[in-house]
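Working through the structure, step by step
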Amino acid sequence: MKNITIILLLVSLLVIPCYVSAITINVPDNYSTIQDGISASSSSDTVLVQPGIYVENINFNGKNIVIGSLFLTSGDTSYVSSTIIDGDSSGSVATFENGEDSTAMLIGFTLRNGLGGDLSQRYSGSGITCKNFSSPTVSSNVISFNFSGNYFTGAIYCYNYSEPRITDNYIFGNISSGIYCEDESNPVITNNKICENTESGILCNQSNPYINDNLINDNSGNHGAGIYCFTLSDAEIINNTISNNHTYSEGDGGGIYASMGSFPSIEGNTISDNTADRFGGGIFISSDVAISNNIISGNTATTQWGGGIYIWGASPTIIYNTITGNTALYHGGGISCYESESVIMNNTISGNYVEYTGGGLICYDSYPTVVNTIFWANNADTSDEEIDLLLGSSIDMSYCDIQNIIWPGEGNISCDPAFCNPDSNDYFLADTSCCVGTGEGDFNIGAYGIGCGGLGLEYLPGDANMPNGLWPPSVIGADVTYLVNYFRAITFACELDGFYCSADTNGDCLIIGSDVTRLVNYFRGSADLSYCAHYEPAWHDPSELPPSAPSGWPNCGNGILSTQNVITPNDSK
């Protein structure tokens, strides 16, 4: 026994030096350059950088370290603008290329004057390069005025199976795309401002990024000025504001472009005031994508078709969207279908304009199925203000409200839908609307329910992503995905006014695995959904809940659930 004890002691003495505590290296106090600080560091160390201009190109060299300005320790955003890494046009400002993981972090800098994508640096970004299975965290930086000499790169460039987390950055004014990802790279891109870049805000090529809750505006590009899914890219584009982007001459898809072979999901976005020189002011699609719960408004196809959406040779599903105030020159102010067989269900298509025909919808050699949709107050200068059919097209139309015509088909009507206030973009229905309960399955016709005077009255339990921007409220398959991503720490649980947790599907004031199970069972028809009220977000300890809920709300702390806010699988969603 004594010998064993001695052996264990010797082993412990050998092991102890391998676990030295993480240290903080100060630049320039300890080392004059950031790269020297990196060279002196070990994984888990922090390189803390004082304000100043550092003219260098840094490389993490496979070390899982944190490099941060004083923003890291203080939260003071002034340190972001005063702590500058200048690439001196000598290459990428910061590089991850040796399999760094999410604990390798770059936080709180301004990165400028980088060079990427020239002939000698094909696989590099001007601001940040992330490649070769690297998955770092890039957060709270300003990445601006960097230059890429190749169209296929970006201010942040993700290549060869890299999966960085890119969050809370301001990416603007770069002579390149804001973020470019290719070759099976799947970055998580959340809560960034991506503005005024010259080759699309985000460009995807053979990659599947998760793009959530970003502001993507004032970018330009050949196609897809806001977001361009080039080839084989199944991006999740959820809850973003995509506005005021514009293509160059002969470009398509001012807001979003999804080419053949790319199947993004486009859900819960506001896609507004984008311009395409040719087709698809808001969205251009040539693949079988799902477009749901978006606001698509004020977009323009300057010289061709499809102010809101242009569909070319595809069969997308377009459901619960508000498509209003879009314009095109020739055909289809709202939606233009070319050689397609789309499913168009529960949309509100109103106030769109085209100089020729088909103010709301035009079909060219196309055969869509249209259900529970409103076509109202669309305008065309020549004829067929609401809907036009060309080259043998036909529509399987049912339970739709179409101005000035009762279209052949079951349940179609023509009566004023009584929008609450369309001049203020409020397309909810008055309780006396002829579209309430008259759709297929006794659902409402259009994208919205009854709601005059109260945009906050229709939050639904189980609608896990609602407070992040989805409207109208709905409980759909994406809510399951949202909850799963919440447990993976990719998304956050949603709350309304501090005391309503829409992600809580069983009314126990917690968000746990059983909420996912209950939501799945809801879709199977074997469970109802309910919620409860409290003051603290659901991830807090239940003991922190107040003794009583606000007036008019059930008291969760005493286990009293709402009996007025329970939905079943037969309810309108």
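The coordinates are above.
Residues numbered from 1 in each chain as written. Predicted model: local features only at pLDDT ≥ 70, side-chain atom pairs only at ≥ 80, totals over all residues. Heavy atoms only, no water.

Summarising the element assignment, N412 is placed in the loop between strand 51 (401–402) and strand 52 (419–421). Residue class for N412 comes out buried when judged on its relative accessible area of 8%. Engagement of the side chain of N412 in a polar contact is seen with the backbone oxygen of W407, the distance being 2.9 Å. Not counting residues within four places of it along the chain, the set of residues in contact with N412 comprises M397, S398, Y399, C400, I406 and W407. (Helix = DSSP H or I, 4+ residues; strand = E, 2+ residues; numbered from the N terminus. Buried < 20%, exposed > 50% of the residue type's maximum accessible area, 1.4 Å probe, protein only. Polar contact = N/O pair within 3.5 Å; in protein donor to acceptor, adjacent residues only side chain to side chain. Contact = heavy atoms within 4.5 Å.)

Here we come to helix 6 (residues 513–523). The set of residues buried in helix 6 consists of D515, V516, L519 and Y522. All buried residues of helix 6 fall inside an arc of 120 degrees around its axis, so they share one side. Where helix 6 ends, the next residue or the one after it, G525, has phi of about 85 degrees, a positive value. (Arc of directions from axis to C-beta.)

For the rest of this paragraph, the subject is the packing of aromatic side chains. Counting across every chain of the model gives 19 aromatic pairs. Here F133 and Y161 contribute two aromatic rings whose centre-to-centre distance is 5.1 Å and whose plane-to-plane angle is 5 degrees, an arrangement assigned as stacked. Highlighted residues: F133 in the loop between strand 11 (128–131) and strand 12 (137–139) and Y161 in the loop between strand 15 (154–159) and strand 16 (165–167), separated in sequence by 28 residues. Here the aromatic rings of W305 and Y364 are separated by 5.8 Å at their centres, their planes lie at 65 degrees, and the arrangement is edge-to-face. Of the two residues, W305 sits in the loop between strand 36 (300–301) and strand 37 (309–312) while Y364 sits in strand 45 (residues 361–364), which places them 59 residues apart along the sequence. Given the relative accessible area of 24%, Y364 is considered partly exposed. Among the aromatic side chains, those forming a connected cluster through ring pairs are Y228, F230, Y257, F279, F284, W305, Y310, W312, Y338 and Y364. (Phe/Tyr/Trp six-rings, centres within 6.5 Å; stacked < 30°, edge-to-face > 60°.)

Honestly, that's just the spatial picture; any functional story needs more than this.
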